Structure formats: structure tokens, C-alpha cells
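Each chain, written out:
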Amino acid sequence: MANETTATSLDDLFPTIIAQALYTAEEQSIMRGMVKTFDIGSTAGTTIQVPKYSQPSAAALTDGTDMTATEVTTSSVSIAVGEHGVRADLTDMAVRGSGNAAAEIGTVLGSAVATKLDTDLIGLFDGFSTSLGATTTELTVDYVAQAVATLRNAKVHGRLVGVFNPLQLYALMSSLTAAGVNPNSGDLQNEAMKEGFVARIHGVDIYQSANVTVDGSGDSKGAIFAPDALALAMKRDIDIEPERNASLRAWELNATAVYGVGELDDSYGVEMYFDAGI
């Protein structure tokens, strides 16, 4: 009976599984630290309304003359949240075996959720109205400069990031000695960003991620954008609920997260449609 797998013995594994899944979900998501995040865990409902305000103009004043009121219009962006999940089975034999089954299964579940979150945010790149490049066109430093000029001309201030498929960056990486290229980055918030960082080009922190898909023509749609371009509404981070499957001699580990993504400001991003071949 010493090697019997019981609910009590597995209870000791669950904190490790959950902790590892949370850590992996946060560390392996490259997009999470590049967008505006809203924590709506304590907010009722499954939809968030993000207000947007028009930009009034200041004017010269005349001494003794009252200022004229300027109308500030408001609009909002609606982001709906939903459930996203993955299930993995932890068998009794795996628990009895060598290695750290709890950490390994936690890593698997966390990685799956991180990939899903990144894929959902990256899918918003195609929604940017401004697009540079074309099929079979190679990405160059000049195109990065053009994207920066477009965004700055639209009065986009602050940090800019670029996310591309690794194959899309191949031609660009071979010319990283060009002017305007800095091999050092700014704020690297997690492991995914550290591993994915390529260079700072014309003030843009460039990252690579295989979650940026390659289409059937061998091209890929990355993007250069400011954090306020996209939003992540997090209702609940990853959680794991176990369920015993006696006939399988295993625990079903059901990992779910509740979140939503959306575009906040179309003018804050540029789609980068370029060749992803070597």
C-alpha cells in the first residue's frame, strides 16, 4: 500500500502544478507585456467598455477674455471575455515514475495557455488599417523606419515594439550592423521577451515569435505598434481543476483562463506584411 496513489497524495502535487502553470503562462507569453492590460477580476459581467476621448486643441488667450468651451467627445471600445482552456491527464504511473510530474504537467498546461493568449493578440495585427510590405517582399531596416515615421506622424508617443515570425526576420537579422540598429533592449519583462528579443531598430524593440503564422504563400503578418494599440482584459488567470477518472487511473487536469482581447486604437499600429522564407 506504500505506493498507492490516493487523492490525499495528489493533493500535495496540485499547488506545484498550479504554481508552475501560472509561472509558465506568464513567462512564455511574449505579447502579454506589450499591450495594455485591464484586470477585471473584481468587475461584474463579461464585457469591458474602454472609454476613448477626443483630443481638444489649446488656443492663445486674450487678457480679460473668457475662454470658450471646447467639446470633448467620448466613445468606447467593447472587449468581451471568454473561457479558454486545455486538458491534460496525469496518470498514476506518471506520478509514481521518475522526474517531477507536477512541474512538467504544469509547464505543459501553462505553455498551452500562453500560446493561445499570444495567438489571440497576434491575430489582431491583421486588423490594423495601415499596412506595409507585400507578398515575397523582404523586411528591411528601411521598412521599420517607415513604420516608425507613420506612427510618430500620427502623434503616437512613447514605446514602440515589433513582433515578427523568425523567418520574416531572417533577411533583416543579416543586416543588423546597419545604422539605427541597437543590439540592446529596454524593458524585458519575462523569459519569452528575453529569448525573443532581436534588436532595437530606429527606437523599436524587435521580437520574434513562432506564434506569428506563415501563410500558404510563405508570407507573414507581423506588426509594429505602441502598447495602447491593443488590449488584454483579464477576468481570471489560469486555474486548474482536477477530476478523477478511475477507469483511466488518472487525474484529468482542466486548465482554464478567462480573458478577452481587442484593438484599442487603430492608428497606434502598423501591419508588416513581408516574406517569411529563407
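Residue positions are counted from 1 within each chain, in the order its sequence is given. Thresholds applied to this predicted model are a pLDDT of at least 70 for local features of residues and 80 or more for the giving and counting of side-chain atom pairs; totals over whole chains, interfaces and linings are not thresholded and use all residues. The side-chain quantities take in all heavy atoms of the structure and omit both hydrogens and water.

Trainee: Honestly, the overall build of the chain in this entry has me stumped. Any pointers?
Mentor: Under the DSSP-based scheme used, a helix requires at least four consecutive residues in state H or I and a strand at least two consecutive residues in state E, with every element numbered from the N terminus. Each helix and strand in the chain was counted, giving seven helices and 13 strands. Burial classes follow relative accessibility: with a 1.4 Å probe on protein chains only, a residue under 20% of its type's maximum area counts as buried, one over 50% as exposed, and anything between as partly exposed. Buried positions account for 40% of the 278 residues belonging to the chain. Two residues qualify as a contact provided that any one of their heavy atoms is within 4.5 Å of a heavy atom in the partner residue. For the chain, the share of sequence-separated contacts (at least 6 apart) that also reach a separation of at least 24 residues comes to 79%. Note on areas: these come from Shrake-Rupley sampling with a 1.4 Å probe, and a residue is covered only by the protein chains present in the view. Just so you have it, the chain exposes about 14,300 Å², and 50% of that area is on carbon and sulfur atoms.

Trainee: What exactly am I supposed to notice about the nonpolar core here?
Mentor: Buried together is how nonpolar side chains tend to be arranged in soluble globular proteins. Working definition of a nonpolar core: buried Ala, Val, Leu, Ile, Met, Phe, Trp, Tyr and Cys residues. They are joined through side-chain atoms within 4.5 Å. In this structure, Met31, Met34, Phe125, Phe225, Leu230 and Leu253 are the most contacted members of the largest nonpolar core, which totals 37 residues. The set of elements that each furnish at least two residues to this core consists of helix H2 (14-27), strand S4 (82-91), helix H4 (101-122), strand S6 (160-164), strand S10 (219-225), strand S11 (230-245) and strand S12 (250-263). It is H4 that provides the largest number of residues to this core, a total of eight residues. When near neighbours in sequence (up to four residues on either side) are disregarded, Leu230 contacts Met31, Val35, Lys36, Leu121, Leu124, Phe125, Phe128, Phe225, Gly262, Glu263 and Leu264. In this structure, Leu151, Val198, Ile201 and Met272 belong to the second largest nonpolar core, which totals 22 residues.

Trainee: It is not clear to me how the pattern of salt bridges should be interpreted in this structure. Could you clarify?
Mentor: For this document, the term salt bridge refers to a Lys or Arg side-chain nitrogen within 4 Å of an Asp or Glu carboxyl oxygen. Tallying each qualifying case throughout the model produces seven salt bridges. As a salt-bridge pair, Arg87 and Glu252 come within 3.7 Å of each other at their nearest N and O atoms. Note that Arg87 is positioned in strand S4 and Glu252 in strand S12, a separation of 165 residues in sequence. Linking Asp120 and Lys116 is a salt bridge whose minimum nitrogen-to-oxygen distance equals 3.2 Å. Residue Asp120 and its partner Lys116 are located together in helix H4, separated by four residues, close to a single helical turn.

Trainee: Explain the sheet that holds strand S1 (residues 36-39) to me, please; I cannot follow it from the model alone.
Mentor: Within a sheet, neighbouring strands are paired by backbone hydrogen bonds and run either parallel or antiparallel to one another. One bridge is not enough; two strands pair if DSSP finds at least two bridges between them. One open sheet accounts for four strands, arranged S1-S11-S12-S4; its pairing is mixed. This sheet does not close on itself; its edge strands, each paired only once, are S1 and S4. When strand polarity is set aside, the average angle formed by the axes of neighbouring strands in this sheet is 30°. Direction of pairing for S4 relative to S12: antiparallel, over a ladder of ten bridges. Residue pairing for S12: Ala88 is matched across the bridge by Leu253. Every axis in this analysis is a line fitted to C-alpha atoms, fitted for helices over the stretch in contact. Angles between the N-to-C directions lie between 0 and 180 degrees.

Trainee: I tried to follow the pairing of strand S9 (residues 204-208) on my own but got confused; where do I start?
Mentor: A regular strand places its side chains so that they alternate between the two faces of the sheet. Across the five residues of S9, four count as buried, placing the element largely inside the fold. Bridging between S6 and S9 involves five bridges; their strand directions are parallel. Residue Phe164 lies in a different strand from S9, and its bridge partner there is Gln208. One ladder, built from four bridges, connects strand S8 (residues 197-201) with S9; its direction is antiparallel. Among the inter-strand pairings, Arg200 is bridged to a residue of S9, identified as Asp205. Taking the residues between adjacent antiparallel strands as the criterion, S8 and S9 are bridged by two residues, where His202 takes a positive phi near 50°.

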